[in-house]
Amino acid sequence: MAETTQALRANALISPTWHRLGMNEASVEVVDTIADGIEILVPEGALAAEFGAFADTCERVWATRPAQAVPQKNTQPDSELLAGGDVNLDLAATSPVTRDAENPHAFEHGMGREAAEWMAAHAAKTRSIRIPEGTQLTEPIVIHAHGKNAAASVASVDVVAEAGAKAQVLVCFDAPEQGEGVIGSTLGVYAGPDSAVDIQTVHAATDGFTTMDDAALFLDTDARITVRHTVLGAGKSYVGLAGNLSGNRSDAHVTTRYVGHGAQALDFNYVLRHRGEKTTCLMDAQGVLTDECSKVLRGTIDLACGCAGAEGTETESVVLADERVSNKSIPIILCSEDDVAGNHGATIGHMRPEQLNYLMSRGISQEAAERLFATATFEDAAITTPDAYTRDAIAKLAANIGIPAQFDEAE
């Protein structure tokens, strides 16, 4: 990338594993130059709020919560651990990024504090949006982030949905012009009691760009947040989401769909912390990897003290459409509470033999059959987004990389 100024540490594992696996954290190369490639469309019914409304609201709500016990963590410097000093193995390990980013308040960012603060400082546009109590927005909040050569095009947006409100947030990363740069957004969403917020992000940039998709979520009592991440393009894509299920019976549903192609690198980090009673979450990731691309997915469900009756589930299905791809997945379930359930399941590999035999009997090769999954992901992304601009960006990317997708039925 031209004019690289620094490398940010991001997407750190809560509990680090062997460094040789290359999964503990990511390094994101960024540039200092700021470009205004941001469009933010706010529908009627949504109101402007003071900057920092998300953090202020979370901290105010968190202050009303009873104190919860937190397991003691090992904070020994890495130098002491590497030198073979005495280590208390009964304490939870934490990565350097996690230790440095300990937040005494109610929220954290999925990509980590360093990356979130960099994006906030380099945001070309910032917005704080409030959806009043009981308001149901008929149009989505839309964020278009367009890549600019040798620059960072970043948005910083807070959304506060008050009690009973309903809203949708759409984010699209694309690159109308060729070049190299950073495209990103840092999004903070507070879902008040009995509210519902739907978030969709689509990565449809070309290979020269790096996309940074950061989110911090806070769910109050009976709140529901659904998230759909669709990563189709960009040379390097980083996605980080952290959610605090603070309110009793709150629910977070995170769906990830991705296509890796060429030499693309995809890096995901999801952390959902259950703190309220009878909270539920689901992480569902499905993707196809082709050519020489690489993917890392970290998924952490933290069943913290006080979340009795909570249940968290994470599933993943990966189709490996080329022997050269690199796939790394690390599911983590942390538990500090009784009467909870944590579930995980994964399917990683090529198509099932019976599926492949059926298609090959009809003249479709194994390579062509597995690439059908990539085509289907593009088409599904275009059909499910209500934003015409995002559909057009998906179609342009598909044509650019030779995906024979059809978008005629998208509305």
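Above this note sits the structure.
Residues numbered from 1 in each chain as written. Predicted model: local features only at pLDDT ≥ 70, side-chain atom pairs only at ≥ 80, totals over all residues. Heavy atoms only, no water.

Caption draft 1: Fine view of the sheet that holds strand S5 (residues 125-131). Pairing in this open sheet of nine strands is mixed, and the strands run S4-S5-S7-S9-S11-S13-S15-S17-S19 from one edge to the other. Each of the sheet's edge strands pairs with one partner strand only, and the pair in question is strand S4 (47-48) and strand S19 (326-335). (Pairing = 2+ DSSP bridges. Helix = DSSP H or I, 4+ residues; strand = E, 2+ residues; numbered from the N terminus.)

Caption draft 2: Examining the sheet that holds strand S3 (residues 38-41) more closely. Taking strand neighbours across the sheet as the criterion, the nine strands line up as S3-S6-S8-S10-S12-S14-S16-S18-S20 in an open arrangement whose pairing is mixed. Bordering the open sheet on either side are S3 and strand S20 (341-349), each of which pairs with just one other strand. Pairwise comparison of adjacent strand axes, ignoring direction, gives a mean angle of 5 degrees for this sheet. Relative to strand S18 (residues 311-320), strand S16 (residues 280-289) runs parallel, the two sharing 10 bridges. Across the sheet, Val 288 pairs through a bridge with Val 319, a residue of S18. (Axes fitted to C-alpha atoms, helices over the stretch in contact; angles between N-to-C directions.)

Caption draft 3: A look at helix H7 (residues 388-401). Helix length check: H7 (14 residues) gives 20 Å between terminal C-alpha atoms against 20 Å at 1.5 Å per residue, within 8%. Buried within H7 are the following residues: Thr 390, Arg 391, Ala 393, Ile 394, Leu 397 and Ala 398. For H7, the arc enclosing every buried residue in end-on projection is 160 degrees, short of the 170-degree limit, so these residues lie on one face. In H7, the exposed positions angled more than 90 degrees off the buried face are occupied by Lys 396 and Ala 399. (Expected span 1.5 Å × (residues − 1). Buried < 20%, exposed > 50% of the residue type's maximum accessible area, 1.4 Å probe, protein only. Arc of directions from axis to C-beta.)

Caption draft 4: Examining the nonpolar core more closely. Counting residues in each nonpolar core, the largest one holds 58 residues, and the members touching the most others are Val 169, Ile 199, Leu 217 and Ile 225. Judged by nonpolar contacts, the second largest core, of 19 residues, contains Val 288, Ala 393, Ala 398 and Ala 405. (Core = buried A, V, L, I, M, F, W, Y, C linked by side-chain atoms within 4.5 Å.)

Caption draft 5: View of unusual backbone geometry. Its identity is not glycine, yet Asp 194 carries a phi of approximately 60 degrees, on the positive side. Within the secondary structure, Asp 194 sits in the loop between strand S9 (181-191) and strand S10 (196-204).

Caption draft 6: Representation of the pattern of salt bridges within the structure. Taken as a whole, this structure holds 14 salt bridges when the rule is applied. In this structure, the salt-bridge partner of Arg 224 is Asp 251, at a minimum N-O distance of 2.2 Å. Of this pair, Arg 224 sits in strand S12 (residues 224-231) while Asp 251 sits in strand S14 (residues 251-260), and the two are 27 residues apart along the sequence. The class for Arg 224 is partly exposed, based on a relative accessible area of 36%. For Asp 251, a relative accessible area of 15% corresponds to the buried category. A salt bridge links Lys 295 to Glu 316; the nearest nitrogen and oxygen atoms lie 2.4 Å apart. Of the two residues, Lys 295 is situated in strand S17 (residues 294-303) and Glu 316 in strand S18; the sequence distance between them amounts to 21 residues. (Salt bridge = Lys/Arg side-chain N within 4 Å of Asp/Glu carboxyl O.)

Caption draft 7: Representation of the environment of His 109. Within the element layout of this structure, His 109 appears in the loop between helix H3 (96-100) and helix H4 (113-121). By relative accessible area, which is 22% here, His 109 ends up partly exposed. Considered as a pair, His 109 and Ala 216 are 107 residues apart in the sequence and their alpha carbons are 4.7 Å apart. For His 109, the residues in contact, after removing those within four places along its chain, are Ala 116, Thr 186, Asp 214, Ala 215, Ala 216 and Ala 242. Engagement of the side chain of His 109 in a polar contact is seen with the side chain of Asp 214, the distance being 2.7 Å. (Contact = heavy atoms within 4.5 Å. Polar contact = N/O pair within 3.5 Å; in protein donor to acceptor, adjacent residues only side chain to side chain.)

Caption draft 8: Fine view of the packing of aromatic side chains. Throughout the structure, instances matching the rule amount to four aromatic pairs. Taking the centre distance of 6.3 Å and the plane angle of 15 degrees together, the rings of Phe 268 and Tyr 270 count as stacked. Neither Phe 268 nor Tyr 270 differs from the other in exposure class; each is buried. Among the aromatic side chains, those forming a connected cluster through ring pairs are Tyr 258, Phe 268 and Tyr 270. (Phe/Tyr/Trp six-rings, centres within 6.5 Å; stacked < 30°, edge-to-face > 60°.)

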